[in-house]
Amino acid sequence: MTHLFSRLKEQLQTGFPFAVYSKPGSTIINGVFQNDSSIHAVNYNGSGFVFAPFALGKTVFIPAHAADIISAEMDLDVNIPDAPLQPAIDVNAKSHFEKLVVQSVAAIKSGAFQKLVLSRKELVHLAEADVVAIFQKLLVTYPNAFRYCFYDPQAGLWMGATPEQLLKVENHTLHTVALAGTQLYKAGEEAVWEEKERQEQKFVTDYIVSELADYTANVDTTEPYTFRAGNIVHIKTDISAELKDVDSLYAVINTLHPTPAVCGLPKSNAKEYLLANEDYDREYYAGFLGELNHDFAIGQPKTDLFVNLRCMKIQDDTAHLYIGCGITTDSDPQKEFLETVNKSMTMRKVI
Ligand SMILES: C=C(O[C@H]1C=CC=C(C(=O)O)[C@@H]1O)C(=O)O
């Protein structure tokens, strides 16, 4: 494992692209280190690691054949950090976000949308911008998330611990999830979901199942269940299906991305609305990332992609934290802002 982290340090020096990541529940860390500075266009039939934006910007691709692969068992002597204090509230950011929530609730009430997922960015000064130390804390703190550190000169340096799978495809079987609803995690207490929240999450499940209909057969869904992601919990349904044609991978990715958990419904109008009204560029937040047609640990053809949530971009000594929340007809602007503050704790805990 020391070898993997020393290569990561070297790679940060050379500025060549890389992805280092660990899958949910796994103690294996994979490093995909591109061995030069070439830029590669994404090829959805090719094998490699993909890093795609929400909407604007370039999809970055590290082809498997252009990279050195190092996999190691995690053996980190790092303590799980204490929960950070709630940050001081930026009153301007709060009022700006709350106004956008009010405007978006009105748009939903007018019948234009069923749901919109609004987001914003918080900047945090890093007292010590030690990328490797921050990433190691992230790895041990969120064992059930997809944890990653990614760098490319165009995209910049990103890290995250996401709870949302976009898509997994092995042989002909596809797996995805429907994720919605947020509550603070309370140790020893079972989350109680309101009917409204359960309805919203069911709506997301039904939407995904219907969108996949053209490409799949034998769709199967689990009962919705409470799923913990760091200091918060969500409602989740696992969805699996048989892909009718493996060559439809690109079409399926396009169908699922951006998911209702990060964009809204109906999808393309919601995306347009966000691009016109959010007032900032999400960049790679709410995009997707992961293994395309290649499991790097075992060298087998497999696709395993995640939605880029609970993430940050590190630029010099500043962390840009990206946080969002789903808005529906009865959203309360102050509570929604607070929800984004709660979600910012996922990254605040490790920086
Ligand atoms: C958009 C985010 O979370 C999504 C995922 C799960 C639950 C969500 C919610 O309850 O609002 C969001 O849709 C984010 O963390 O930035």
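The preceding data block contains the structure.
If you're wondering where the values come from, they're calculated on a predicted model, not measured in any experiment.

## Considering empty space enclosed by the protein
And step 1. Counted under the stated rule, the structure contains one cavity of 30 Å³ or more.
And step 2. Size it by volume and the largest cavity reaches roughly 60 Å³.
And step 3. Around the largest cavity, the lining residues are Pro17, Gln34, Ser38, Ile39, His40, Lys58, Thr59, Val60, Phe61, Asp152 and Gln154.
And step 4. Partitioning the lining of the largest cavity into residue classes produces four nonpolar, five polar and two charged.

## Here's the deal with the layout of surface pockets
And step 1. Roughly 790 Å³ of internal volume is contained in the largest pocket.
And step 2. Around the largest pocket, the lining comprises 36 residues; the ones closest to its centre are Gly181, Thr182, Gly326, Glu336 and Glu339.
And step 3. Mapped onto the lining of the largest pocket, the elements with two or more residues apiece are β6 (115-125), β10 (173-184), α4 (195-212), β13 (232-243), β18 (318-327) and α7 (333-348).
And step 4. Along the lines of polarity and charge, the residues of the lining of the largest pocket split into 14 nonpolar, nine polar and 13 charged.
And step 5. One number sums up the size of the second largest pocket: a volume of about 370 Å³.
And step 6. The wall of the second largest pocket is formed by 21 residues, among which Tyr142, Arg228, Ala229, Gly230 and Asn231 lie closest to the centre.
And step 7. Residue assignment for the lining of the second largest pocket shows that the elements contributing at least two residues are β12 (225-229) and α7.
And step 8. Sorting elements by how many residues they give to the lining of the second largest pocket places α7 first, with three residues.
And step 9. Among the residues making up the lining of the second largest pocket, the classes are represented as eleven nonpolar, seven polar and three charged.

## A look at the pattern of salt bridges
And step 1. The tally for this structure, following the rule as stated, stands at 15 salt bridges.
And step 2. Across the salt bridge formed by arginine 198 and glutamate 195, the nearest N and O atoms sit 3.2 Å from each other. With arginine 198 and glutamate 195 both in helix α4 and three residues apart, the pair spans about one turn of that helix.
And step 3. Overall, the relative accessible area of 44% leaves arginine 198 in the partly exposed class.
And step 4. Of the residues examined, glutamate 195 reaches a relative accessible area of 44% and is grouped as partly exposed.
And step 5. The shortest N-O distance in the salt bridge between glutamate 283 and lysine 313 comes to 2.7 Å. Of this pair, glutamate 283 sits in the loop between α6 (267-277) and β15 (288-292) while lysine 313 sits in strand β17 (residues 311-315), and the two are 30 residues apart along the sequence.

Conventions we followed
Residues numbered from 1 in each chain as written. Predicted model: local features only at pLDDT ≥ 70, side-chain atom pairs only at ≥ 80, totals over all residues. Heavy atoms only, no water. 1 Å grid on protein atoms, 1.4 Å probe; cavity = no way out; pocket = protein on both sides within 12 Å on 5 of 7 lines; lining within 4 Å. Points joined across faces, edges and corners; volume = space filled by probe spheres on them. Nonpolar A, V, L, I, M, F, W, Y, C, P; charged D, E, K, R; others polar. Helix = DSSP H or I, 4+ residues; strand = E, 2+ residues; numbered from the N terminus. Salt bridge = Lys/Arg side-chain N within 4 Å of Asp/Glu carboxyl O. Buried < 20%, exposed > 50% of the residue type's maximum accessible area, 1.4 Å probe, protein only.

Any functional reading would require information that these geometric values do not contain.
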